Amino acid sequence: MLSRLEATRRRTLQALGLGGAAAVAGCASEAPSAQDAEKEAKTKQQTAAQTESPDVDRVAADPTDLPDPIDRDEPKHHEVTLEVKEVTAEIEPGVTFDYMTFGGQVPGPMIRVRQGDTVSLTVENLPENAMPHNVDLHAVYGTGGGNVATTAAPGEGNGMEFTAAYPGAYIYHCAVPNLDMHISAGMFGMILVEPKEGLPEVDRELYFGQNEIYTDKPAGTEGHHGFDVDAMKNEDPTYVTLNGEAYAITPDRYGPVTVEQGERVRVFFVDGGPNVSSNFHPIGNVWKEAYRDGGGLGEGTPEHNIQTMKVPPGSCMVGEMDTPVPEHIKLVDHALSRVAHKGMMGVVQVDGEEKPEIFDPSPDTAASEDEEGPMY
């Protein structure tokens, strides 16, 4: 007889569109129960803990690598494949971790379509992977956002077709029974559905994603970190990252994103979670126009001059910044312990000439880089 907790958990998974229904969708092997999946994850991390060498040099997505804005008036059909890659990489120098990714990057590749477009989407689960995977897209009308239809065992692929019926910026993420672990380990991204009239033109677009990583060692401890399921249940992350690695988009890692003074910069941001909300703030700037939860594109009026945008796990935001002065814009979660101790910061470097009528960093003395502050 099922315990009350297990019965509730099973009903919850069924409501999410998970479980045995995967077989109906054509998956050769049924999705595991949550308990089986958790046991499989622990076995995998115990094996991986014997190896500290990364498989890949980087999982942090390049914020400048995103599809071009859409410039057409008619609907189009898209063939999209999300390739699942389980890889070992560094969270920070000397600290390795087993990631699960779409396309080998965190966040996964942005999918960009127009309202009214149709999409044939396939999840390819590489044969060297250890677990079943799928995708739930919040831009899809349909059971589980497509998670049942796309569930694939290692070495297999499954797909679906859908119409992008409503505009906005939406998360996609893996949604197998232990979905929280898969998302935490990197399996999330954004699908942008542009309104039929398109988005206003800007000079630069950037793409970022935040998530928590739960490991079995304190942050900064060298060596291989396994996944800590109990820490995840307690919502006590070791790291909170921007694009999957600690301080990835900063001078100390892969470098800041560089833009030119005067450019209008649009930022697409997705909070994978799986548990904590982001308080997304550009230090030294403001969201001149912002769309909360990625909604209202083409239909509503943006909010103006927003200092900090609350982004729940499983949601997105679209914000624009003006760049009138040269500076380092620090993109942070304003729950600032996540910045100081857990890795949650990226830097946008604005190059140009000083404009003391707007900002004078040294009105009485020569400007000094040391006056910039302790962290970039």
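Residues numbered from 1 in each chain as written. Predicted model: local features only at pLDDT ≥ 70, side-chain atom pairs only at ≥ 80, totals over all residues. Heavy atoms only, no water.

### Details of the overall build of the chain
Tallying secondary structure elements over the chain gives seven helices and 20 strands in all. Put simply, the chain has 376 residues, and 53% of those count as buried. Partitioning the contacts of the chain with sequence separation of at least 6, the portion at a separation of at least 24 is 75%. A total of about 16,300 Å² of accessible surface is found on the chain, and carbon and sulfur atoms cover 47% of it. (Helix = DSSP H or I, 4+ residues; strand = E, 2+ residues; numbered from the N terminus. Buried < 20%, exposed > 50% of the residue type's maximum accessible area, 1.4 Å probe, protein only. Contact = heavy atoms within 4.5 Å. Areas by Shrake-Rupley, 256 points an atom, 1.4 Å probe, with all protein chains shown as cover.)

### Quick look at the pattern of salt bridges
Pairing between side chains of opposite charge can happen when their charged atoms approach one another. Taken as a whole and judged by the stated rule, the model has 14 salt bridges. Glu 205 serves as the salt-bridge partner of Arg 112, at 2.7 Å between the closest nitrogen and oxygen. Note that Arg 112 is positioned in strand E3 (residues 111–114) and Glu 205 in strand E9 (residues 204–213), a separation of 93 residues in sequence. (Salt bridge = Lys/Arg side-chain N within 4 Å of Asp/Glu carboxyl O.)

### What about the sheet that holds strand E14 (residues 278–283)?
Pairing is mixed in the open sheet, where five strands are placed in the order E12-E20-E19-E14-E17. A strand with exactly one partner marks an edge of an open sheet, and here the two such strands are strand E12 (257–260) and strand E17 (309–311). On average, each strand axis in the sheet is tilted by 25 degrees relative to the strand beside it, whichever way the strands run. (Pairing = 2+ DSSP bridges. Axes fitted to C-alpha atoms, helices over the stretch in contact; angles between N-to-C directions.)

### Structural notes on the side chain of Asp 136
In this fold, Asp 136 is placed in strand E5 (residues 136–137). When residues no more than four places from it in sequence are discounted, the contact partners of Asp 136 are Gly 144, Gly 145, Asn 147, Ile 171, Tyr 172, His 173 and Ala 175.

### What to know about the environment of Pro 132
The residue Pro 132 is located in the loop between strand E4 (118–125) and E5 in this model. For Pro 132, a relative accessible area of 12% gives the class buried. Taking the C-alpha atoms as reference, Pro 132 lies 9.7 Å from Val 84; in sequence the two are 48 residues apart.

### What to know about the pairing of strand E15 (residues 287–291)
Relative to strand E16 (residues 303–306), E15 is paired through three bridges, and the arrangement is antiparallel. Considered in E16, the bridge of Trp 287 is made with Ile 306. Pairing between E15 and strand E18 (residues 315–321): three bridges, direction antiparallel. Looking at the pairing, Tyr 291 lines up with Val 318 of E18.

### Points about the pairing of E18
Where burial is concerned, most of E18 is hidden: seven out of the seven residues are buried. Side chains Ser 315, Met 317, Gly 319 and Met 321 of E18 all project onto a buried face; the interleaved residues Cys 316, Val 318 and Glu 320 project onto the opposite face, where all are buried too. Sheet analysis places strand E13 (residues 265–273) next to E18, joined by seven bridges and oriented antiparallel. Residue pairing across strands places Val 267 opposite Gly 319, the latter belonging to E18.

### Some points on the side chain of Thr 96
Note on placement: Thr 96 falls in strand E2 (residues 95–102). Polar side-chain contacts of Thr 96 include one of 2.9 Å to the side chain of His 224. (Polar contact = N/O pair within 3.5 Å; in protein donor to acceptor, adjacent residues only side chain to side chain.)

### Concerning the packing of aromatic side chains
Under the defined criterion, the tally for this structure stands at eight aromatic pairs. A ring pair is formed by Tyr 141 and Tyr 166, whose centres lie 4.9 Å apart and whose planes are at 70 degrees; its orientation type is edge-to-face. Residue Tyr 141 is located in the loop between E5 and helix H4 (147–150), and its partner Tyr 166 is located in the loop between strand E6 (157–163) and strand E7 (168–173); the two are separated by 25 residues in the primary sequence. Both rings, one in Phe 280 and one in Trp 287, keep their centres 5.4 Å apart while their planes meet at 25 degrees; by these two values the pair is stacked. On the basis of relative accessible area, Phe 280 is assigned to the buried category, the value being 0%. Chaining the aromatic ring pairs together yields one cluster made of Phe 97, Tyr 99, Tyr 214 and Phe 227. (Phe/Tyr/Trp six-rings, centres within 6.5 Å; stacked < 30°, edge-to-face > 60°.)

### Focus on the sheet that holds E18
Sheet architecture is open: six strands sit in the order E11-E9-E13-E18-E15-E16, paired in mixed fashion. The open sheet has two edge strands with one neighbour each: strand E11 (239–242) and E16. Between one strand axis and the next, the sheet turns through 25 degrees on average, direction left out of account.

### Some thoughts on unusual backbone geometry
A cis amide bond links Val 106 to the next residue, Pro 107, at an omega of -10 degrees. Inspection of the secondary structure puts Pro 107 in the loop between E2 and E3. That bond from Gly 273 to Pro 274 is cis: its omega, 15 degrees, falls within 30 degrees of zero. Here Pro 274 is to be found in the loop between E13 and E14.

### Focus on the nonpolar core
Counting residues in each nonpolar core, the largest one holds 64 residues, and the members touching the most others are Tyr 99, Ile 111, Leu 121, Leu 137, Ile 191 and Phe 268. Sequence-distant contacts of Phe 268, defined by excluding residues within four places in its chain, comprise Leu 66, Met 110, Arg 112, Met 190, Leu 192, Leu 199, Glu 205, Leu 206, Tyr 207, Phe 208, Met 317 and Val 318. Counting 25 residues, the second largest nonpolar core, distinct from the first, contains Leu 242, Val 259, Ala 290 and Val 350. (Core = buried A, V, L, I, M, F, W, Y, C linked by side-chain atoms within 4.5 Å.)

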